[in-house]
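# Working through the structure, step by step
Each chain, written out:
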Amino acid sequence: MRPQRRQYERLRGVLSDADEPLTAREILTLLEEQEEFESAHRVATVLGRWAEEGDVEVLQGSPYRYRLNN
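Reading the values: the criteria
Residues numbered from 1 in each chain as written. Predicted model: local features only at pLDDT ≥ 70, side-chain atom pairs only at ≥ 80, totals over all residues. Heavy atoms only, no water. Helix = DSSP H or I, 4+ residues; strand = E, 2+ residues; numbered from the N terminus. Expected span 1.5 Å × (residues − 1). Buried < 20%, exposed > 50% of the residue type's maximum accessible area, 1.4 Å probe, protein only. Arc of directions from axis to C-beta. Core = buried A, V, L, I, M, F, W, Y, C linked by side-chain atoms within 4.5 Å. Contact = heavy atoms within 4.5 Å. pLDDT = per-residue confidence, 0-100. Salt bridge = Lys/Arg side-chain N within 4 Å of Asp/Glu carboxyl O.

A rise of 1.5 Å per residue sets the reference length of helix α1 (residues 5-17), with its 13 residues, at 18 Å; its end C-alpha atoms lie 18 Å apart and thus fit the reference within 8%. All of the buried residues along α1 are Q7, Y8, L11, V14 and L15. Taken around the axis of α1, the buried residues stretch over an arc of 120°, which confines them to a single face. Set apart from the buried face of α1 by more than 90 degrees, the exposed residues are R6 and D17.

Let's shift gears to the nonpolar core. For soluble globular proteins, nonpolar side chains are generally found buried alongside one another. Counting residues in each nonpolar core, the largest one holds 18 residues, and the members touching the most others are L11, I27, V43 and L47. Of all the secondary structure elements, the ones that give two or more residues to this core are α1, α2 (24-30), α3 (40-53) and β2 (65-68). For V43, the contacting residues outside a window of four places in its chain are L11, A24, I27, L28 and F37.

This part takes up the confidence of the model for the protein. Per-residue confidence for the protein gives a mean pLDDT of 89, with 93% of residues at or over 70. Mean pLDDT in the protein bottoms out at α1, which sits at 91, and peaks at β2, which reaches 97.

Cis rather than trans, the peptide bond between S62 and P63 has omega equal to 0°. If you trace the backbone, P63 turns up in the loop between β1 (56-59) and β2.

Pairing of side chains with opposite charge becomes possible as their charged atoms draw close. By the definition in use, this model includes three salt bridges. Put simply, R5 and E9 hold a salt bridge, and the shortest N to O gap is 3.6 Å. A residue pair is termed a helical-turn pair when its members lie 3 or 4 positions apart in one helix, as R5 and E9 do in helix α1 at four residues. A salt bridge links R65 to E26, with the nearest nitrogen and oxygen atoms 3.1 Å apart. Remark: E26 occurs in helix α2 and R65 occurs in strand β2; sequence separation between them is 39 residues. Assessed through its relative accessible area of 30%, E26 is described here as partly exposed.

Rendered as C-alpha cells:
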C-alpha cells in the first residue's frame, strides 16, 4: 500500500482544485480541517513521498511548489 493514503487524498483534493502549483504552506492554509497536518513540513513530507511514486511533481525553488502529475 502507498504511504499515507488518507492524508494524500486530502492533499490531492486541494491540488486538483488549484489553478497553479502550491507551496506546502498554501496547501495547509486551504485545508479545512488542519488537525491531521500539524505543519507545512508534514504536508511537504507526505507530498514528497508521493513524488517518489510519480503522482506529484515537486517544482524546485524556494519554497518548493507542488502539483499533480496528470
